[in-house]
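# Topology and contacts: notes
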Amino acid sequence: MDIGIVVPALAPSEEPSANLVDTAIEQAREAHQLGIRSVWLGQRFDYDAIALAGLIGREVPGLRVGTSAVPILGRHPLLVGAQAATAQAATGGRFELGIALGAKEFTAPRIGPTEGSQITRLREFLTALRPLLDTGEVDFAGELITASTPWNSALPGAQPAPPVLVAAMGPKALRITGELADGTLPYLAGPKTLAKHVVPTLNEAAQTAGRPVPRVVTLLSGVVTSATERVLEQAYQAMAFYESIPSYRAVLDREGVAKAGELAVIGSADEVLTEIGTYVEAGATEIVFGQTAMAGPDDRLRTWEVLGSLR
C-alpha cells in the first residue's frame, strides 16, 4: 500500500518561507525521509502544479510526484502533454499526471465560460492526450478539441509515458476514465461510495475496453492528533466549500453524509490506521492525505511519521 501526502502543507497560523517553492521541496524531502512514497500537488492560482511536481521530483530522488488535479478547462492537451513530458523527464520517470474536469461553477467566473459538454471535453482531451504522451504524435479533431502535431514531438527522457489519472466520481466520467486513463483520484468518496459506485463502474469500463484494472488513488483529509474535537471543527469549516459544488454534493449524498467534514480522518494513530483499512477494503489502491497541517506543525510531523511507517 503506497501512502502519499499533499504539499505544501501549512497550518493556518504558519507562515511559509520567503519562497513557497523552497517550502514545498523541503516538506517533500522531509516526508520522504519519514517513509512517505509520493507527494501530490493541487493546482492553485499561485503556482503551476506540473512544474512544481517536476522540481520536487528532481530535488528528491526516489520520490514519486503527481498532480491532484489539474483542471482541463482553459487548458489544451498539446500544452498539458508538453508540461507532463517535461516533468516526466525531469524526475526520471516518477511523475504522474492527475487531471480534473474542474467545476464550472468555480472556474467560469475566473476564466470565462466554456462551451460544450464537460463529459465530451474529458473524452476528447484524453483521446488527444494519450497518443501524444505515448508516441509524441497526435492528429485529432473532435467536437470541442482539435490537436495535431506538425512533427513528432516525443521528448527524449520522458518515456515511458507518465500515468494519467482523472479526478472522476460521476458515472459518465468514471466510465471514460476506465476506458482511456490509468485510474482515478476520488476525493470525498467515502468507503461505501468507493465500494458500490467508483470501483465497480471504473473496473467494468476498463474491462470492456480491454485495459488493465485501474488504480484508485483515494484522497483523504486527515491528521493524527490528540486535539480531535478542535481539529474536527476546523475540518468542518475548511471543507464546507465543497458542499455547494454539485459534483461533490452528489458524492456526499451517495455516501449519506450531510457535511464534507464527516469524512475527515482525524484522531489517534490507531483510529487513523483503522480508517485507512476501511478505504483499502472498499477498493482504494493508494491513499493520499491532504490537510495534514490542520492541527499544527507538530501533529503534521506525527501524521507523516505514522503514514510513513505503513508498508
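Shown above is the structure to which this text applies.
To keep things clear, this report deals only with the structure shown in the data block. From a predicted model like this one, the values you see are computed outputs, not experimental measurements.

Before going further, it helps to examine helix 11 (residues 297-308). Between its first and last C-alpha atoms helix 11 spans 16 Å; for 12 residues at 1.5 Å apiece the expected length is 16 Å, and the two agree. Listing the buried residues of helix 11 in full gives Asp299, Arg300, Thr303, Trp304, Val306, Leu307 and Gly308. Summarising the contacts, the buried residues of helix 11 are in contact with strand 1 (2-6), helix 1 (20-33), strand 10 (215-224), helix 10 (269-282) and strand 12 (286-290).

A few words on the pairing of strand 1. The sheet contact formed by strand 1 and strand 12 spans 4 bridges and is parallel. When the bridges of strand 12 are listed, Gly4 appears paired with Val288. Inspection of the sheet shows strand 1 paired to strand 2 (residues 38-41) by 3 bridges, in the parallel sense. The partner of Ile5 across the bridge, within strand 2, is Val39.

For the rest of this paragraph, the subject is the environment of Ser17. Its location among the elements puts Ser17 in the loop between strand 1 and helix 1. For Ser17, a relative accessible area of 34% puts it in the partly exposed group. Residues in contact with Ser17, not counting those within four places in the same chain, are Asp22 and Thr23.

The full count for this structure, using the stated rule, is 4 aromatic pairs. Centre to centre, the rings of Tyr187 and Tyr242 are 5.2 Å apart; their planes meet at 75 degrees, and the pair counts as edge-to-face. Taken together, the residues Tyr187 in the loop between strand 9 (183-184) and helix 7 (191-209) and Tyr242 in the loop between helix 8 (228-239) and helix 9 (246-255) connect sequence positions 55 residues apart. Tyr187 gets classed as buried once you look at its relative accessible area, which sits at 12%. Of the residues examined, Tyr242 reaches a relative accessible area of 23% and is grouped as partly exposed. Consider the rings of Tyr242 and Tyr248, whose centres lie 4.9 Å apart with planes at 70 degrees: the pair is edge-to-face. Ring-pair connections join several aromatic residues into one group, and the members of that group are Tyr187, Phe241, Tyr242 and Tyr248.

On to the packing of helix 5 (residues 118-135) against helix 6 (residues 171-180), then. Two measures define how a pair of helices packs: the angle their axes make with one another and the distance between the axes. Two elements in contact, helix 5 and helix 6, have axes whose closest approach is 10 Å; the angle formed by their N-to-C orientations is 10 degrees. As summarised for this structure, helix 5 and helix 6 are arranged roughly parallel, according to the angle between their axes. On helix 6, the residues touching Ile119, Leu122, Arg123, Leu126, Thr127 and Arg130 of helix 5 are Lys172, Ala173, Ile176, Glu179 and Leu180. Considering only residue class, the contact of helix 5 with helix 6 consists of 6 nonpolar, 1 polar and 4 charged.

Criteria and cut-off values
Residues numbered from 1 in each chain as written. Predicted model: local features only at pLDDT ≥ 70, side-chain atom pairs only at ≥ 80, totals over all residues. Heavy atoms only, no water. Helix = DSSP H or I, 4+ residues; strand = E, 2+ residues; numbered from the N terminus. Expected span 1.5 Å × (residues − 1). Buried < 20%, exposed > 50% of the residue type's maximum accessible area, 1.4 Å probe, protein only. Contact = heavy atoms within 4.5 Å. Pairing = 2+ DSSP bridges. Phe/Tyr/Trp six-rings, centres within 6.5 Å; stacked < 30°, edge-to-face > 60°. Axes fitted to C-alpha atoms, helices over the stretch in contact; angles between N-to-C directions. Parallel < 35°, antiparallel > 145°, perpendicular 65-115°, else oblique. Nonpolar A, V, L, I, M, F, W, Y, C, P; charged D, E, K, R; others polar.

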